[in-house]
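Breakdown of the fold
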Amino acid sequence: MAVIIKPSDIEQNSMSIISAELEARGETLPEETADVVRRVIHTTADFDYVDNLVFTENAVARGVEALSAGVDIVTDTNMAKAGVSKPALSHLGGRVQCFMADPIVVAMAKAEGTTRAVVAMRHAEQHCPDAVYAVGNAPTALLQLSEQIKAGMRPSLVIAVPVGFVNVVESKEELLAVCREHDVPAIVALGRKGGSNVAAAVCNALLYRASGLTDPEERNWKA
């Protein structure tokens, strides 16, 4: 007979397994970043993120503070947008937006012969420059954000976790260096790994802390 387990029980059991495996590996996560790292491991079953995830100083605290104030989240894919916790976000008064399919963005990208991700980041700055920007797919979005930050844009946080092989490593390293230079908080998955699911996982870890919904049982009850 199949055992039926509540979603909250599955999550709690998974986190317990993750904590036990981290302990067995001799890994002690810093308190500030532990929730984010565990959430990403929970999403990917990949313990490499213990080393791959890099945080600028106070990035988590600054991201949580911004989300608590109701800033929006901008994603580079609708998949990441779909993965962001709407119950947690609604408690904080924020929205999650993705401009990749916006007709204006599509038309401008075609006219300029560039990627929609590039135009979407420029478009997003016009509407919500102080948003949390979560990039899980498009390296060109990160390169564009780097240029916008150099020009004076100040996002509340940049989550830079695109996955792939072309310009992925370089775009993350460039974004991290620019954010450090201009005091923009950033969470970056160095190397090739990442993805829209990772972008959403990082957002959710911050949202759960900001909204006080770190307990999955409490979170499901309020959904």
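Computed from a predicted model, the values in this text were never measured in an experiment.

1. Considerations on the overall build of the chain
Of regular secondary structure, the chain possesses 12 helices and six strands. Taking 223 residues into account, the globule formula puts the C-alpha radius of gyration at 17 Å, and the chain, at 17 Å, falls close to it. For the chain, with 223 residues in total, the buried portion stands at 52%. Long-range contacts, defined here as pairs at least 24 residues apart, represent 67% of the contacts in the chain between residues at least 6 apart. The positive charge centre, built from 20 side chains, and the negative charge centre, built from 28, are 5 Å apart in the chain.

2. Details of the packing of aromatic side chains
Summed over all chains, the structure comprises zero aromatic pairs. Just above the ring of Phe 47 sits the side chain of Arg 25; from NZ or CZ to the centre is 4.3 Å.

3. Here's the deal with helix α11 (residues 196–211)
Given a rise of 1.5 Å per residue, 16 residues ought to cover 22 Å, and the 22 Å separating the end C-alpha atoms of α11 matches this to within 8%. In terms of residue burial, α11 counts as a mostly covered element, since 14 of its 16 residues are buried. Of the residues flanking the end of α11, it is Gly 212, one or two places downstream, whose phi is positive at about 75°.

4. Topic: the layout of surface pockets
Size it by volume and the largest pocket reaches roughly 210 Å³. Residue lining of the largest pocket: Glu 11, Gln 12, Met 15, Asp 35, Arg 38, Arg 39, Ala 205, Tyr 208, Arg 209, Thr 214 and Pro 216, and that is the complete set. Counting only elements with at least two residues in the lining of the largest pocket, the list comes to α1 (7–24), α2 (31–44) and α11. The residue inventory of the lining of the largest pocket, partitioned by class, reads four nonpolar, two polar and five charged.

5. As for the nonpolar core
One finds Leu 67, Ile 73, Ile 159, Ile 187 and Leu 206 to be the most contacted residues of the largest nonpolar core, which totals 45 residues. Top element by residues in this core is α11. It accounts for 10 residues. When near neighbours in sequence (up to four residues on either side) are disregarded, Ile 73 contacts Leu 67, Val 84, Leu 89, Arg 95, Val 96, Gln 97, Val 132, Ala 134, Cys 203 and Leu 207. Met 100, Ala 141, Ala 160 and Ala 186 belong to the second-largest nonpolar core, a separate cluster that totals 31 residues.

6. Things to note about helix α10 (residues 168–181)
With 14 residues, α10 should cover 20 Å at 1.5 Å per step; its first-to-last C-alpha distance of 20 Å lies within 8% of that length. Every buried residue of α10 is accounted for by Val 168, Ser 171, Lys 172, Leu 175, Leu 176, Val 178 and Cys 179. Take α10 and look down its axis: the buried residues cluster within an arc of 165°, on one side only. Turned more than 90 degrees off the buried face of α10, the exposed positions are Arg 180 and Glu 181. Packed against the buried residues of α10 are β1 (53–55), α9 (139–150), β5 (157–160) and β6 (186–189). Once α10 ends, the next one or two residues include Asp 183, with phi positive near 55°.

7. Thoughts on the sheet that holds strand β2 (residues 73–75)
Within the open sheet, the six strands sit side by side as β1-β6-β5-β4-β2-β3. Their pairing is mixed. Only two strands of the sheet have a single neighbouring strand rather than two, namely β1 and β3 (96–98). Here the average twist between neighbouring strands, direction ignored, is 15°. Bridge count between β5 and β6: three bridges; the pairing is parallel. Bridge pairing in β6 links Val 158 to Ala 186. Most of the contacts of α11 go to β5, to which it runs at about 145°, and overall it touches β2, β4 (132–135), β5 and β6.

Scoring rules and cut-offs
- Residues numbered from 1 in each chain as written.
- Predicted model: local features only at pLDDT ≥ 70, side-chain atom pairs only at ≥ 80, totals over all residues.
- Heavy atoms only, no water.
- Helix = DSSP H or I, 4+ residues; strand = E, 2+ residues; numbered from the N terminus.
- Rg over C-alpha atoms; globule rule 2.2 N^0.38 Å.
- Buried < 20%, exposed > 50% of the residue type's maximum accessible area, 1.4 Å probe, protein only.
- Contact = heavy atoms within 4.5 Å.
- Lys, Arg positive; Asp, Glu negative; His and termini not counted.
- Charge placed at Lys NZ, Arg CZ, Asp CG, Glu CD.
- Phe/Tyr/Trp six-rings, centres within 6.5 Å; stacked < 30°, edge-to-face > 60°.
- Lys NZ or Arg CZ within 6 Å of the ring centre and 35° of its normal.
- Expected span 1.5 Å × (residues − 1).
- 1 Å grid on protein atoms, 1.4 Å probe; cavity = no way out; pocket = protein on both sides within 12 Å on 5 of 7 lines; lining within 4 Å.
- Points joined across faces, edges and corners; volume = space filled by probe spheres on them.
- Nonpolar A, V, L, I, M, F, W, Y, C, P; charged D, E, K, R; others polar.
- Core = buried A, V, L, I, M, F, W, Y, C linked by side-chain atoms within 4.5 Å.
- Arc of directions from axis to C-beta.
- Pairing = 2+ DSSP bridges.
- Axes fitted to C-alpha atoms, helices over the stretch in contact; angles between N-to-C directions.

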